[in-house]
Structure formats: C-alpha cells, structure tokens
Amino acid sequence: MMDFSGGAYGGGKAGGAFDPIGFVMRPTVILRAVCWLFAIIVFGCVSAEGWREEDGKDYCIINRDANACNYAVGIGVIAFLASMGFIAGEYLFEQMSSVKTRKHYVLGDLAFSALWTFLYFVGFCYLTNAWGKADDPPNGEGVNNVQASIVFSFFSIFTWAACAYFAYLRFKAGVDPSFQSTYESDPNATNQYSAYPVGGGGGESEQFQQQPFGGGQQQQQQPGGDFNTPAY
C-alpha cells in the first residue's frame, strides 16, 4: 500500500531530485500503465476485427449494433489518452509548488477515474448483452477480438476503480501541517523600514531617521522649528 502521509496530498516538497526507478515503481504509475495497456486492447480489438462489409456497407459484428462498436472504441481511446496524461501528471505532481494546484489535480483524478470506472462497467454490460444476441460471424472471424475487448473492459473496471481509490487516499491525506512550500510565501516580503516615535514639540529635541536615499544629507533644526538648508 502506498503511503500518502506527509507533504501535500501525498507529495513532498517541490524541487526534489527525480528518481526514475522510484517513479516507475509507484503503484499509481503502474496502475496507469496497466489502464493504458487495457485501453489499447479494448479499442484495438474492436477497431481491427469488429467491422465487416456487406452490400457495400460496414456493420458491427456485435449484433450489428454500430453503437456497441463505437462505444468500445470511444471509451478505449479516451482512456488511452487519459492514462498517458495522468502518467505525465504523476511526474509533474511533486514539481507543483502550489497546494491548490495539487488539490485540483487530485480532485480531477478522482472524478475522472470514478467516471471511467462507471463507463467501463456500462460498456462491459452493454457489450456482453449485445454479443450474446449476435449471430456467429462467417468463419468465426473477429470472435476472439470481440471477446478480448469484453474481457479487458471488465478488467478495466477494477484498474480504474483502484486509481480512484488512490486519488481518494491522496485527497483524504490533505496537507501536513509541517509542509511549507518555498514558493507559497516570500519570507523577504517584510517591511524594511519601521516608524520611529517623534518627540513632542516646543523646547524638546526631535530625532529623525535618516532617509535611505538621502545621499548623506543632514538636516539641522533651529530654535523655533525652522530647518537649515541641507548640507552637501
């Protein structure tokens, strides 16, 4: 089980050294790679052998339901692209210095993974039902491909559900109180000049702070409150 404690949403401070081996061995990265592979099988099998030509027109061998073939290809292609995007996001995650950016990424991951878990479940049920009503293709061509697409749609339900679960753990971990991003605040953004109290008027003397860009100018007070011309 991956430990998401510490840091911000399961990631340490930005700017750390990149460890290629550690990155590849992350459970989240492995899951994304598996989702990517399953997506290729789902849409690739249907695209390659799911269509036949009859009387000059293409038809889907899954019960002649074009929607079934299009659905399998659609969710597979989007899952394929999203998996690559999330793998890139895993690489960039610990480079995100903003806590808000990390939170938005984790929430987006959670929402998309949960949605695709549901869509793969619908796709599995839809394809299984349509394939059960379909006539056997001539010479059995495309049977193995359609069956592989259905089976890996079923497997994809669990891989995307696991991705959603890891995203939920990240969101639940939140931000560790000790986590301080060097990019979140500017420690030098403080008031460099402070006000000094000025003494009362009359015969009492008054002290003035020299201006930072006064160029060595000095002001002398004469009795009565008038000032001499600055000496250069």
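For clarity, every value in this text was computed on a predicted model and none was experimentally measured.

Calculation criteria
- Within any chain, residue numbers begin from 1 and follow the written order of that chain's sequence.
- Owing to the predicted nature of the model, reporting of local features is limited to residues with pLDDT of at least 70; listing and counting of side-chain atom pairs is limited to 80 or more, with chain, interface and lining totals taken over all residues.
- Heavy atoms throughout the structure, all of them, feed into the side-chain values; hydrogens and water do not.
- Note on conventions: DSSP H or I runs of at least 4 residues are helices, E runs of at least 2 residues are strands, and numbering of each starts at the N terminus.
- Accessible area is worked out with a 1.4 Å probe on protein chains only. A residue is then buried under 20% of its type maximum, exposed over 50%, and partly exposed in between.
- The span you would expect from a helix comes to 1.5 Å times its residue count less one.
- Think of a polar contact as two N or O atoms within 3.5 Å of one another; within protein, one of them needs to be a possible hydrogen donor and the other a possible acceptor, and neighboring residues in sequence only count if both atoms come from side chains.
- The salt bridge criterion pairs a side-chain nitrogen of Lys or Arg with a carboxyl oxygen of Asp or Glu, the two atoms within 4 Å.
- The criterion for a disulfide is a pair of cysteine sulfur atoms lying within 2.5 Å.
- Think of it this way: DSSP has to see at least two bridges between two strands before they count as a pair.
- With axes taken as lines fitted to C-alpha atoms, and helix axes fitted only over the stretch in contact, angles between N-to-C directions fall between 0 and 180 degrees.
- Each angle is binned into one of four classes, with values under 35 degrees roughly parallel, values over 145 roughly antiparallel, values of 65 to 115 roughly perpendicular, and all other values oblique.
- We call a crossing left-handed when the near helix sits turned anticlockwise from the far one by less than a right angle, and right-handed when that turn is clockwise.
- In this count, Pro and Cys sit with the nonpolar residues alongside Ala, Val, Leu, Ile, Met, Phe, Trp and Tyr, while Asp, Glu, Lys and Arg are called charged and the others, Gly among them, polar.
- Each patch groups residues whose relative accessible area exceeds 30% and which form no salt bridge, using 9 Å between like charges and 5 Å between nonpolar side chains of Val, Leu, Ile, Met, Phe, Trp and Tyr.
- Residue exposure ignores everything except the shown protein chains as possible cover, and the areas themselves are Shrake-Rupley values with a 1.4 Å probe.
- Aromatic rings from Phe, Tyr and Trp, with only the six-membered ring used for Trp, were paired whenever their centres fell within 6.5 Å, and each pair was classed as stacked if the ring planes differed by under 30 degrees, edge-to-face if by over 60, and tilted otherwise.
- When the NZ atom of lysine or the CZ atom of arginine is within 6 Å of a ring's centre and also within 35 degrees of its normal, the charge is said to sit over that ring.

Visitor: Give a description of the overall build of the chain that names residues and reports values.
Guide: Helix and strand counts for the chain stand at five helices and two strands. If you list the helices and strands of the chain from N to C, you get α-α-β-β-α-α-α. Each of the 232 residues in the chain was classed as buried or not, and the buried ones make up 33%.

Visitor: Explain helix H3 (residues 66-93) to me, using residue names and the numbers behind them.
Guide: Its 28 residues place the ends of H3 39 Å apart at the C-alpha level, agreeing with the 40 Å of an ideal helix rising 1.5 Å per residue. Here H3 starts with a cap whose side-chain oxygen sits 3.0 Å from the backbone nitrogen of Asn67, and that cap is Asp65.

Visitor: Explain the pattern of salt bridges residue by residue, including any values.
Guide: The full count for this structure, using the stated rule, is six salt bridges. The partner of Arg52 in a salt bridge is Glu49, and the shortest N-O contact between them spans 3.0 Å. Looking at Arg52, the relative accessible area reads 15%, which means it is buried. Among the residues examined, Glu49 registers a relative accessible area of 29% and is labelled partly exposed. Across the pair Glu90 and Arg170 runs a salt bridge, and its minimum N-O distance is 2.8 Å. Here Glu90 is found in helix H3, whereas its partner Arg170 is found in helix H5 (residues 143-173), with 80 residues between them in sequence. Overall, the relative accessible area of 1% leaves Glu90 in the buried class.

Visitor: How would you explain the state of the cysteines if you had to name every residue and give the values?
Guide: Taken as a whole and assessed by the stated rule, the structure comprises one disulfide. A sulfur-sulfur distance of 1.8 Å marks the disulfide that ties Cys60 to Cys69. On the S-S bond that ties Cys60 to Cys69, the torsion sits near 70 degrees, and the link is right-handed. The pair Cys60 / Cys69 is uniform in exposure class, with both members buried.

Visitor: Run through the pairing of strand S2 (residues 57-60), naming residues and quoting values.
Guide: As paired elements, strand S1 (residues 51-54) and S2 share four bridges and run antiparallel to each other. Its bridge partner lying in S2, Glu53 is registered against Asp58. In this structure, the hairpin formed by S1 and S2 is closed by a connection of two residues, where Asp55 is found at a positive phi of approximately 55 degrees.

Visitor: Tell me about unusual backbone geometry, residues and numbers included.
Guide: Even without being a glycine, Asp55 presents a positive backbone phi close to 55 degrees. Relative to the elements of secondary structure, Asp55 occurs in the loop between S1 and S2. Assessed through its relative accessible area of 73%, Asp55 is described here as exposed. In this model, Arg64 sits at a positive phi of 55 degrees, which is unusual for a non-glycine residue. Here Arg64 is to be found in the loop between S2 and H3.

Visitor: Mind laying out the packing of H3 against helix H4 (residues 99-133), listing which residues take part and the relevant values?
Guide: Running from amino to carboxyl end, H3 crosses H4 at an angle of 155 degrees, the nearest separation of the two axes being 11 Å. Between H3 and H4, the crossing angle belongs to the class labelled roughly antiparallel. The element H3 and its partner H4 pack so that their crossing is left-handed. Split into classes, the residues belonging to the contact of H3 with H4 amount to 18 nonpolar, five polar and three charged.

Visitor: If you had to explain a nonpolar patch on the surface to someone new, which residues and values would you point to?
Guide: Residues Trp36, Leu37, Val77, Leu81 and Met84 make up a contiguous nonpolar surface patch of about 410 Å² in total accessible area. Those elements that provide at least two residues to the nonpolar patch are helix H2 (27-49) and H3. Assignment of secondary structure puts Trp36 in helix H2. For Trp36, a relative accessible area of 31% puts it in the partly exposed group.

Visitor: Talk me through the packing of aromatic side chains; I want residue IDs and the actual numbers.
Guide: Within this structure, the stated rule accounts for 16 aromatic pairs. With 6.1 Å between their ring centres and 75 degrees between their planes, Tyr71 and Tyr126 make a pair best called edge-to-face. On the criterion of sequence distance, the pair formed by Tyr71 in helix H3 and Tyr126 in helix H4 is long-range, its members being 55 residues apart. Residue classification places Tyr126 among the partly exposed residues on the basis of a relative accessible area of 26%. Ring centres 6.2 Å apart and planes at 55 degrees place the aromatic pair Phe154 and Phe155 in the tilted group. The class for Phe154 is partly exposed, based on a relative accessible area of 33%. An aromatic cluster of at least three residues, connected via ring pairs, comprises Phe38, Phe124, Phe152, Phe154, Phe155 and Phe158. The ring of Phe93 has Arg102 sitting right over it, with the charged end atom 5.2 Å from the ring centre.

So yeah, pure geometry; function would need other evidence.
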